[in-house]
Amino acid sequence: MSETHGTADVDGVNGGVGLTALLVAAARAIETHRHDSLAQDVHAEHFVRAAPACARWPVRIERVPDGDADPLWGRFARYFGLRTRTLDDFLLRSVGTGARQVVLLGAGLDTRAFRLDLPGDCVVFEIDRAGVLAFKQQVLTDVSAAPKVKRVPVPVDLRADWAGALTAAGFDPAVPSVWLAEGLLFYLPGPAETYLVDTVHRLTAAGSALAFEAKLEKDLLAYRDSAIYTATRERIGIDLLHLFDKGPRPDSAGALTAKGWSTATHTPFDFTRRHGRGPLPEPNDALEGNRWVFAHRPRP
């Protein structure tokens, strides 16, 4: 690793929502080293080590004193590992049925263009703030990582004209696409989520697909004292409930259904049971209201 990572280099990830990208990277690193790993990301550990804010975070479950019983690096990290695997599978199924454009909304430190076996004619568009993408690129350059398919960073804030930036970067609305909004929507105000989903609909051809994560709680603060939120807040300084938008959430799955999409909504625990590993429900559970929505725009 080069010594070029000064504060300016990590402005995109060293605070606020950007820091949550490092939390997820640490979780993917832990998942990668597990003997029963759900997802492999050999780059995740490098992101953690490159950012001063998290240089001491664990990247192996063996370095966590309570192991899987730890609410942050055990249960919460395993949740992120399960989410990664579930969305990996969704993406691979979608390109298997003809999608050739992948759009990562709020891409963060996602490395799917580097680690998944996508078709050679696939293009991955990564939308996020410039600082986040610059940090990611620097780390990947330092370790000589090369994407397996064409990768197009699109440095734009999702509160700006990201659709214009995406099409200017070469995205073709006439070609089937698959979109991931992983760990994104609950940070956005309700109207911004509605705009995002409407824009995805406007930019997608028949045969396209979208997966996103939503939260159902009417009162997020009801879980403020849950073990996951408490550990994340007190031990690594990320107050997720402060970062989440607390306004009413739209029914995006219902909106897509009304537009002719087919949608399926699952709890994360459905996939824990499918894979035989991952978090299960517990009392005062911050994951209780999480839902993963999978939508497809059918061909005629």
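Here the structure is shown first, and the text comes after it.
Trainee: Tell me about the packing of aromatic side chains, residues and numbers included.
Mentor: Evaluation of the coordinates by the stated rule reveals 16 aromatic pairs. Three or more aromatic residues joined by ring pairs make a cluster, and in this case those are Phe76, Tyr79, Phe80, Phe90, Phe271, Trp292 and Phe294. Above the ring of Phe186, the side-chain terminus of Lys215 is found at 5.9 Å from the ring centroid.

Trainee: Can you tell me about unusual backbone geometry, naming the residues and giving the values?
Mentor: The phi dihedral of Ser144 falls on the positive side, at around 55°, and the residue is not glycine. Under the relative-accessibility criterion, Ser144 is labelled exposed at 65%. Of note in the backbone geometry, Asn284 takes a positive phi value of approximately 50° without being a glycine. For Asn284, the position within the fold is in the loop between helix H11 (268–275) and strand S7 (290–296).

Trainee: An account of H11 is requested, with residue identities and associated values reported.
Mentor: All of the buried residues along H11 are Pro268, Phe269, Phe271, Thr272 and His275. Seen along its axis, H11 keeps its buried residues to an arc of 155°; they face one direction. Exposed positions of H11 whose direction lies more than 90 degrees from the buried face are Arg273 and Arg274. Two residues or fewer after H11 comes Gly276, characterised by a positive phi angle close to 80°.

Trainee: So, the packing of helix H3 (residues 71–96) against H11: which residues are in play, and what are the values?
Mentor: Between H3 and H11, the shortest axis-to-axis distance is 10 Å and the interhelical angle comes to 80°. Relative to H11, the element H3 lies roughly perpendicular. For the pair H3 and H11, contact is made by Arg75, Tyr79, Leu82, Arg85, Thr86 and Asp89 and by Pro268, Phe269, Phe271, Thr272 and His275, respectively. Its residues assigned to classes, the contact of H3 with H11 comprises 5 nonpolar, 3 polar and 3 charged.

Trainee: So what about H3? Which residues, and what values?
Mentor: Between the first and last C-alpha of H3 there are 36 Å, a value that for 26 residues agrees with the 38 Å anticipated at 1.5 Å per step. When the local axis directions of H3 are compared, the greatest deviation, roughly 25°, occurs at Ala77. The N-capping residue of H3, defined by a side-chain oxygen 2.9 Å from the backbone nitrogen of Leu72, is Asp70. Positive backbone phi, at 120°, marks Gly98, one or two positions downstream of H3.

What counts and what doesn't
Residues numbered from 1 in each chain as written. Predicted model: local features only at pLDDT ≥ 70, side-chain atom pairs only at ≥ 80, totals over all residues. Heavy atoms only, no water. Phe/Tyr/Trp six-rings, centres within 6.5 Å; stacked < 30°, edge-to-face > 60°. Lys NZ or Arg CZ within 6 Å of the ring centre and 35° of its normal. Buried < 20%, exposed > 50% of the residue type's maximum accessible area, 1.4 Å probe, protein only. Helix = DSSP H or I, 4+ residues; strand = E, 2+ residues; numbered from the N terminus. Arc of directions from axis to C-beta. Axes fitted to C-alpha atoms, helices over the stretch in contact; angles between N-to-C directions. Parallel < 35°, antiparallel > 145°, perpendicular 65-115°, else oblique. Contact = heavy atoms within 4.5 Å. Nonpolar A, V, L, I, M, F, W, Y, C, P; charged D, E, K, R; others polar. Expected span 1.5 Å × (residues − 1). Bend = angle between axes of the 7 residues up to and from the residue. Polar contact = N/O pair within 3.5 Å; in protein donor to acceptor, adjacent residues only side chain to side chain.

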